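This is what each chain is made of:
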Amino acid sequence: VRLVEQHRSAWCFALLVLGYLLYLVFGAVVFSSVELPYEDLLRQELGKLKQRFLEEHGCLSEEQLERFLMRVLEASNYGVSVLSNASGNWNWDFTSSLFFASTVLSTTGYGHTVPLSDGGKAFCIIYSVIGIPFTLLFLTAVVQRIIVYVTRRPVLYFHIHWGFSKQIVAMIHAMLLGFITVSFFFLIPAAIFSVLEDDWNFLESFYFCFISLSTIGLGDYVPGEGYNQKFRELYKIGITCYLLLGLIAMLVVLETFCELHELKKFRKLFYVKKDKEDDQVNIMEHDQLSFSSISDQTASMKDDQKANEPFVASQSPTSNDSSLNN
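This one's a predicted model, so the numbers in the text were calculated from it and none came from an experiment.

## What about the packing of aromatic side chains?
Tallying each qualifying case throughout the model produces 16 aromatic pairs. Look at Phe 123 and Tyr 127: their rings are 5.5 Å apart centre to centre, the planes differ by 25°, and that puts the pair in the stacked class. Taken together, the positions of Phe 123 and Tyr 127, both in helix α5 (residues 118-161) and four residues apart, correspond to about one turn of that helix. Residue classification places Phe 123 among the exposed positions, given a relative accessible area of 53%. With a relative accessible area of 32%, Tyr 127 lands in the partly exposed category. Plain terms: the ring middles of Tyr 157 and Phe 158 are 5.7 Å apart, the flat faces sit at 85° to each other, and that makes the pair edge-to-face. The partly exposed category is assigned to Tyr 157, whose relative accessible area is 44%. Taken together, the ring pairs in this structure connect Phe 99, Tyr 110, Phe 193, Trp 200, Tyr 207, Phe 208, Tyr 221 and Tyr 242 into an aromatic cluster.

Structure, rendered in structure tokens:
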């Protein structure tokens, strides 16, 4: 027990690492058991379609079909579709490029559109190196200003004027803010996307909202890519604004929950404690600063006293010269 108490932080960190690894294994087992049968069925279906196509077109060899499919899949990975009903949508017009830039800077990265040229790839690297820290700075400044008016001041108001416990008010406020964020940035947008996108149901729309605002960005669902999409340019701009506002809202909620006393106390279990020597150094530096400030205050007070004494007058240079002559 004494050994555990002395190295409590290390034991908690070891349990955290073990729990995270077990969570990864658990996710792998669930995804494998759920998705593997669907992958097997899809492979069998594609194999049957390919074999039937070759039987119906005897003049086409399997190697020619493989080369054609390989080229089609390669173009599809770059966001270019061979289908005739998708030829009207350009991936690099202004609105699509604006949407791509927002996904790059927010690290969402759907992957449905990628640079084709070497110049575009080089510019994407330079643009990301400068833009991603710039975006983090921008989001941090915005969230810091919003959280003052959205979280801290309301909690202090109810704590001071109504006399409620600050921890209870902070907990209720965090839950209410989370509910509002889920409603306005997940449920309502999911319903809107399920109406605007022909092939999406509510679950798929909610899945897109979560994958996007959590910056996972798998890219299996991207809005505004339908061939019959109306007002596509305006729709893309609206989605870009939704992603930026939703990301800010998510950061505000996360910061609000991180400021809860219970979570702060829980996080400290896994942190490394400061050494006593560091604490002593900090104390010494604090004492030295205090002593220097006190000494400065004392010196200034002495000067003020001398200046205010009625019977002490400073000697002028003329009086000093006359005394020397005498």
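## Notes on the nonpolar core
Residues Phe 193, Cys 209, Leu 213, Tyr 242 and Leu 243 are the most contacted members of the largest nonpolar core, which totals 17 residues. Tallying contributions element by element places helix α8 (residues 232-258) first for this core, with six residues. Those residues in contact with Phe 193 that lie beyond four places of it in its chain are Trp 200, Ser 205, Phe 208, Cys 209, Pro 223, Tyr 235, Ile 239 and Tyr 242. Residues Val 143, Leu 177, Ile 248 and Val 253 belong to the second largest nonpolar core, which totals seven residues.

## Considerations on the side chain of His 173
Position of His 173 relative to the elements: it lies in helix α6 (residues 166-196). Classification of His 173 by relative accessible area gives buried; the value is 15%. A polar contact is formed between the side chain of His 173 and the backbone oxygen of Val 150, at a distance of 2.7 Å. Contacts of His 173, omitting those with residues within four sequence positions, involve Val 150, Thr 151, Pro 154, Val 155 and Thr 256.

## Considering unusual backbone geometry
The backbone of Thr 107 sits at a positive phi, close to 60°, despite the residue not being glycine. Summarising the element assignment, Thr 107 is placed in the loop between α4 (94-105) and α5. Judged by its relative accessible area of 44%, Thr 107 falls in the partly exposed class. For Thr 215, which is not a glycine, the phi torsion comes out positive at approximately 60°. Within the secondary structure, Thr 215 sits in the loop between α7 (202-213) and α8.

## Here's the deal with the confidence of the model for the protein
Chain-level statistics for the protein give a pLDDT mean of 80 and a share of 79% at 70 or above. The model gives residues 286-299 a pLDDT under 50, and that stretch makes zero contacts with residues more than four places away or in other chains.

Rules of the game
- Residues numbered from 1 in each chain as written.
- Predicted model: local features only at pLDDT ≥ 70, side-chain atom pairs only at ≥ 80, totals over all residues.
- Heavy atoms only, no water.
- Phe/Tyr/Trp six-rings, centres within 6.5 Å; stacked < 30°, edge-to-face > 60°.
- Helix = DSSP H or I, 4+ residues; strand = E, 2+ residues; numbered from the N terminus.
- Buried < 20%, exposed > 50% of the residue type's maximum accessible area, 1.4 Å probe, protein only.
- Core = buried A, V, L, I, M, F, W, Y, C linked by side-chain atoms within 4.5 Å.
- Contact = heavy atoms within 4.5 Å.
- Polar contact = N/O pair within 3.5 Å; in protein donor to acceptor, adjacent residues only side chain to side chain.
- pLDDT = per-residue confidence, 0-100.

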